[in-house]
Structures are given as C-alpha cells and as structure tokens.
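Spelled out, the chains give:
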Amino acid sequence: MRFEDLNWFDVEAYLQKDDRLMLVLGACEQHAYLSLLTDVKIPQALADAASEQSGVLVAPALNFGCSPYFLVYPGTLSLRTTTLLDLVEDVIRSAHSQGFRKILLLNGHGGNDAARGRLYELANQLPDLRLAWYSWWQSHSIQQVAVKHDLKPSHANWLEAFSFVKVADVPDESKIPPYVPGLMSAQEARKVYGDGSFGGPYKADEAIMQEMLAAALEDILVLLRFQ
C-alpha cells in the first residue's frame, strides 16, 4: 500500500473508508559499513510490514534529514533544520487538505527530532488532525531487547545492522566507543568516529534482529489505532 503503487483514483477510494497515513522520515548519511540510506530502509521496512497487516497507506519516504555533523563523510547529504521543518509541515498540510486526519510519522534518524516542535504547532493549528511519532530505536520495546541480550545500542553498530541494510562485510570484532568531547564539527566527528560507527559490536545474531523488528512492528500497529 505505497503511493508509488497507486494512482490518484486509488487514493481517493481509500479516503472514503480510511483517513490514516504513514510517513517515513529518514536521512542520507554515513553508517559505517551499512547503507547510506539505513535511516530510510529500516522505518520503510516497518511501514511496509505494518501496512500489510493494517491496510494503512504509506506515503513516499523523505530520504533526506538533518546530518550536518557527518558532512565530511562522502555520501552524506543534509538538509538545514529549517528546510526539514518546512518540508514536513508542507507534506502534512497537503495530506490534511485531501482528507487524511491521522498521520503516523515513522522516524529513522535522530537528527530529525527537531521536527517534533513543528508538529506540536500543527496540532494546535489543525484541531481535527491527529499525529503520532515513532523513533523505533528509542522505543521501550527495543530497549528491552537490548537489555535482554546485554547489548548497548548505538549509531551504525549492531542495532542497525539488519540484513537489508548491509552493503559490505561487517567486522566480526567490537569497536571501543571513542571519547566524544562534546558538540563537534563535521571534521572533528570524522576524526573521532573514524569508520563512522559509535562503537560496540558491529552485528548481532539474526534472531535478535528479527526480535527487534517484531517488537517495533507491534508498537506501530498499536499506534495506528490512534486511541
């Protein structure tokens, strides 16, 4: 149930029976040995799985986010925060004007958190609009999986190393987390993080990864009830 697989007649028919929509917010940034679009691919996979079970329509993903701290890594393409906020607002206002009233934003990138402030403003301006926000790696259910298996989640480590985002061989060893002196420029960040991972194991057993996907999917299905 993606926009790309439908025409406008299909969306019009959908709106006659449902007013829910999922919108993926991602980023195009370095993830060490993982895909530059890791922050898109993970929430997109979750959105597709949730759509299959719920029938809720999935809007095209926003493939760019705010990643100024990684701009020295080739392949990282970043938006200004103001651009991201305006982009998210414009998409939501467009959807609202057509009849979508319940929108779940599936966020895959920590740098996009600033958009939440704009969403609160929209909620005040459009009282018939209901919004929900889900950053999968921050959810309690994912944290429980990490604690259960004694794994510390972090950027570009085992947490995000799903089979569908691996584009190269992933190291077997763990990486010692580097010392982070505070807010850093992109040049400093590359010196500190090196290959781009924030440290810890680069991968985990496939069973653990599937356990996380299942936990996140259950969270999303609950949020889609908009109760």
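Preceding this section is the structure that the text describes.
Per chain, residue numbering runs from 1 following the sequence as it is written. Residues qualify for local features only when their pLDDT is at least 70, as the model is predicted, and side-chain atom pairs are given and counted only at 80 or more; totals for whole chains, interfaces and linings, by contrast, use all residues. Hydrogens are left out, water is left out, and the side-chain values use all remaining heavy atoms of the structure.

Caption draft 1: Structural context of the packing of aromatic side chains. Stacked, tilted and edge-to-face are the three classes assigned to paired rings of Phe, Tyr and Trp, where Trp is represented by its six-membered ring and a pair needs centres within 6.5 Å; plane angles under 30 degrees give stacked, over 60 edge-to-face, the rest tilted. Evaluated as defined, the whole model comprises 10 aromatic pairs. A ring pair is formed by Y69 and F70, whose centres lie 4.8 Å apart and whose planes are at 85°; its orientation type is edge-to-face. Categorising residues by exposure relies on relative accessible area from a 1.4 Å probe, with only protein chains included: less than 20% of the type maximum marks a residue as buried, more than 50% marks it as exposed, and the intermediate range marks it as partly exposed. Classification of F70 as buried rests on a relative accessible area of 2%. Ring-pair connections join several aromatic residues into one group, and the members of that group are Y69, F70, Y73, Y193 and F198.

Caption draft 2: How the structure looks around the side chain of E160. Take E160: it is sitting in the loop between α5 (140-148) and β5 (174-175). Summary of buried charges: E160 has no salt-bridge partner, and the nearest side chain of opposite charge, K175, is 12 Å away. It only takes one pair of heavy atoms within 4.5 Å for two residues to be counted as in contact. The contacts of E160, once residues within four sequence positions are left out, are H31, L34, T38, D39, I42, W136, S154, H155, V165 and M209. The helix and strand labels rest on DSSP assignments: H or I over at least four residues marks a helix, E over at least two residues marks a strand, and numbering proceeds from the N terminus. In this tally, Asp and Glu contribute negative charge and Lys and Arg positive charge; neither His nor the terminal groups of the chain are included. Note on definitions: salt bridges are taken to be side-chain nitrogens of Lys or Arg within 4 Å of carboxyl oxygens of Asp or Glu.

Caption draft 3: View of the environment of L34. Within the fold, L34 resides in the loop between β1 (20-25) and α2 (38-54). Placed 135 residues apart in sequence, L34 and D169 show a C-alpha to C-alpha distance of 8.9 Å. Those residues in contact with L34, other than ones at most four positions away along the chain, are A156, E160, A161, V165, K166, V167 and V170.

Note that all results are geometric; they support no functional claim without further evidence.
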